[in-house]
Amino acid sequence: MSLLHSIPAHWVVRRSTPFFTNENVPQALLTHHNTAAGVFGQLCVMEGTVTYYGFADETAETPEITLVIRAGEFATSPPQYWHRVELSEDARFNIHFWAENVSSDTPLIKTRE
């Protein structure tokens, strides 16, 4: 599994999150979750580092990918790929959710049961 995924050129940002830090990051991002079918997540780090752990499936406990994303960098997570993040003390980041249809009511993420 590689995080070198290209978002199709005709897709649009369906939603962007506010900036997250250790003080306000949603718990769901720190545990196993994935983006919905047809939704790419683009994690953009402004300060510090965010470590992305990618998993083969919902039940996997050992990551198949570990990627450290530094300030000024971003990584793209493909649709339906299970992952979680870990933040450095000074981390500040946000996420853009890309989809083909901007007006869809489909949820953007799914958390582990």
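Residues numbered from 1 in each chain as written. Predicted model: local features only at pLDDT ≥ 70, side-chain atom pairs only at ≥ 80, totals over all residues. Heavy atoms only, no water.

K.L.:
Explain the pattern of salt bridges here, please?
P.N.:
For side chains bearing opposite charge, pairing can occur when the charged atoms are close. Within the structure shown, the criterion is met by 2 salt bridges. E47 is the partner of R92 in a salt bridge, and the nearest nitrogen-oxygen pair spans 3.3 Å. On the criterion of sequence distance, the pair formed by R92 in strand 8 (residues 92–99) and E47 in strand 3 (residues 39–47) is long-range, its members being 45 residues apart. Of the charged contacts in the structure, one is a salt bridge between E86 and R84, with a shortest N-O distance of 3.6 Å. (Salt bridge = Lys/Arg side-chain N within 4 Å of Asp/Glu carboxyl O. Helix = DSSP H or I, 4+ residues; strand = E, 2+ residues; numbered from the N terminus.)

K.L.:
I keep staring at the side chain of S88 and nothing clicks. Help me out?
P.N.:
Looking at where S88 falls in the secondary structure, it is placed in the loop between strand 7 (82–87) and strand 8. Among the polar contacts listed, one links the side chain of S88 to the side chain of D90, at a separation of 2.7 Å. Those residues within four positions of S88 in sequence are excluded, and the remaining contacts are N22, G48 and T49. (Polar contact = N/O pair within 3.5 Å; in protein donor to acceptor, adjacent residues only side chain to side chain. Contact = heavy atoms within 4.5 Å.)

K.L.:
In this structure, what is going on with the pairing of strand 8? I would like to understand it.
P.N.:
Two faces make up the sheet, and in a regular strand the side chains alternate between them. Counting buried residues along strand 8, 6 of its 8 residues qualify, which places the element largely inside the surrounding structure. Examined bridge by bridge, strand 1 (residues 12–16) and strand 8 share 4 bridges and lie antiparallel to one another. Within the sheet, the bridge partner assigned to V12 lies in strand 8 and is A99. (Buried < 20%, exposed > 50% of the residue type's maximum accessible area, 1.4 Å probe, protein only. Pairing = 2+ DSSP bridges.)

K.L.:
How do you make sense of unusual backbone geometry when you look at a structure like this?
P.N.:
Of note, the phi angle at Q80 is positive, near 60 degrees, even though the residue is not glycine. By secondary structure assignment, the location of Q80 is in the loop between strand 6 (74–77) and strand 7.

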